[in-house]
Amino acid sequence: MTNAVTLKENREFRRLYSRGKSYVSPVMVTYVLKNRRGQLRFGITTSKKTGKAVQRNRSRRVIREAFRQLSPQVKPGYDLVFVARGRTPYVKCKEVRDAMEIQLRQAGVLE
């Protein structure tokens, strides 16, 4: 995952929410938008609907690990935001990775 940069600023997340294309599954939501920087950038969000701090942290860990496994196949030049849903903290990493792979294929981001 050395080729990916993390999104940190609120305006970057808001830009993806408003202009990006979303892909939904029961486990997570993915927002995709092409950027002009030529590098892969990603962010992870979890809301309080996901659960308390332990569940939110697990959701972020599971999503980060799934993205780490898929990141070598992702084309550079895109901004991605992964949003955890209510089921995310209760599923295995493989299920999250499978859902993420399907969403990224639909977006045309995987090589």
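The residue count restarts for each chain, going from 1 along the sequence in the order it is written. For a predicted model such as this one, the threshold for reporting local features is a pLDDT of at least 70, and the threshold for listing and counting side-chain atom pairs is 80 or more; totals across whole chains, interfaces and linings nevertheless cover every residue. For the side-chain quantities, the full set of heavy atoms in the structure was used; hydrogens and water were omitted.

### Some words on the overall build of the protein
Numbering goes from the N terminus for both helices and strands, where a helix is a DSSP run of H or I of at least four residues and a strand is a run of E of at least two. For the protein, the count of helices and strands is three helices and five strands. Counting from the amino terminus, the protein carries its helices and strands in the arrangement β-α-β-β-β-α-β-α. Computed over C-alpha atoms, the radius of gyration of the protein comes to 13 Å, within 12% of the 13 Å expected from 2.2 N^0.38 for 111 residues, which places it in the range of a compact globule. Throughout, the Shrake-Rupley method with a 1.4 Å probe supplies accessible areas, and for residues the shown protein chains are the sole cover considered. Accessible surface, the protein as shown: approximately 6500 Å² in total, 49% of it carbon and sulfur. Charge assignment: positive for Lys and Arg, negative for Asp and Glu; neither His nor the chain ends contribute. For this purpose, a charge sits on NZ of Lys, CZ of Arg, CG of Asp or CD of Glu. The centroid of the 26 positive side-chain charges in the protein is displaced by 6 Å from the centroid of its 8 negative side-chain charges. The size measure is the radius of gyration over C-alpha atoms, and the globule rule it meets is 2.2 Å times the number of residues to the 0.38 power.

### Focus: the packing of aromatic side chains
Any two rings among Phe, Tyr and Trp, with Trp reduced to its six-membered ring, count as a pair given centres within 6.5 Å; such a pair is stacked if its planes are under 30 degrees apart, edge-to-face if over 60, and tilted if neither. Evaluated as defined, the whole model comprises three aromatic pairs. Ring centres of Tyr 17 and Tyr 31 lie 5.1 Å apart, and the angle between their planes is 75 degrees; on these two criteria the pair is classed as edge-to-face. Taken together, the positions of Tyr 17 in helix α1 (residues 10-19) and Tyr 31 in strand β3 (residues 28-34) put the pair 14 residues apart, joining distant regions of the chain. Buried, partly exposed and exposed residues are distinguished by accessible area as a fraction of the type maximum, computed with a 1.4 Å probe on protein chains only: under 20%, between the cut-offs, and over 50%, respectively. Since its relative accessible area comes to 35%, Tyr 17 is described here as partly exposed.

### Quick look at the side chain of Thr 30
Looking at where Thr 30 falls in the secondary structure, it is placed in strand β3. Residue class for Thr 30 comes out buried when judged on its relative accessible area of 0%. Setting aside residues up to four positions removed in sequence, Thr 30 forms contacts with Lys 21, Ser 22, Tyr 23, Val 81, Phe 82, Gln 103 and Leu 104. Any pair of residues with heavy atoms lying within 4.5 Å of one another is described as a contacting pair.

### Comments concerning the environment of Leu 80
Within the secondary structure, Leu 80 sits in strand β5 (residues 78-84). In sequence terms Leu 80 and Asn 35 are 45 residues apart; their C-alpha atoms lie 9.9 Å from each other. Excluding residues within four positions of it along the chain, Leu 80 makes contact with Leu 7, Leu 16, Tyr 31, Val 32, Leu 40, Arg 41, Phe 42, Gly 43, Phe 67, Val 74 and Leu 104.

### Things to note about the pattern of salt bridges
Salt bridges are identified by distance alone: a Lys or Arg side-chain nitrogen within 4 Å of an Asp or Glu carboxyl oxygen. All told, the structure shown has eight salt bridges when counted by the stated rule. We note a salt bridge from Arg 11 to Glu 9, for which the minimum N-O separation is 2.9 Å. The class of Arg 11 is exposed, set by a relative accessible area of 54%. The shortest N-O distance in the salt bridge between Arg 41 and Asp 79 comes to 2.9 Å. Placement of Arg 41 in strand β4 (residues 40-45) and of Asp 79 in strand β5 is noted, with a sequence separation of 38 residues between them. There is no split in this pair, since Arg 41 and Asp 79 are both buried. By sharing partners, the salt bridges in this structure join Glu 12, Arg 15, Arg 41 and Asp 79 into a single network.

### Things to note about the nonpolar core
Judged by nonpolar contacts, the single largest core of 25 residues is most densely connected at Phe 67, Val 74, Leu 80, Phe 82, Val 96 and Met 100. Secondary structure elements with two or more residues in this core: β3, β4, α2 (53-70), β5 and α3 (93-107). The element best represented in this core is α2, accounting for five residues. Those residues in contact with Val 96 that sit more than four places away from it in its chain are Val 27, Met 28, Val 62, Ile 63, Ala 66 and Val 91. Residues belong to a common nonpolar core when they are buried Ala, Val, Leu, Ile, Met, Phe, Trp, Tyr or Cys residues joined through side-chain atoms within 4.5 Å. Counting residues in each nonpolar core, the second largest holds eight residues, with Leu 7, Tyr 31, Leu 33 and Val 83 among its members.

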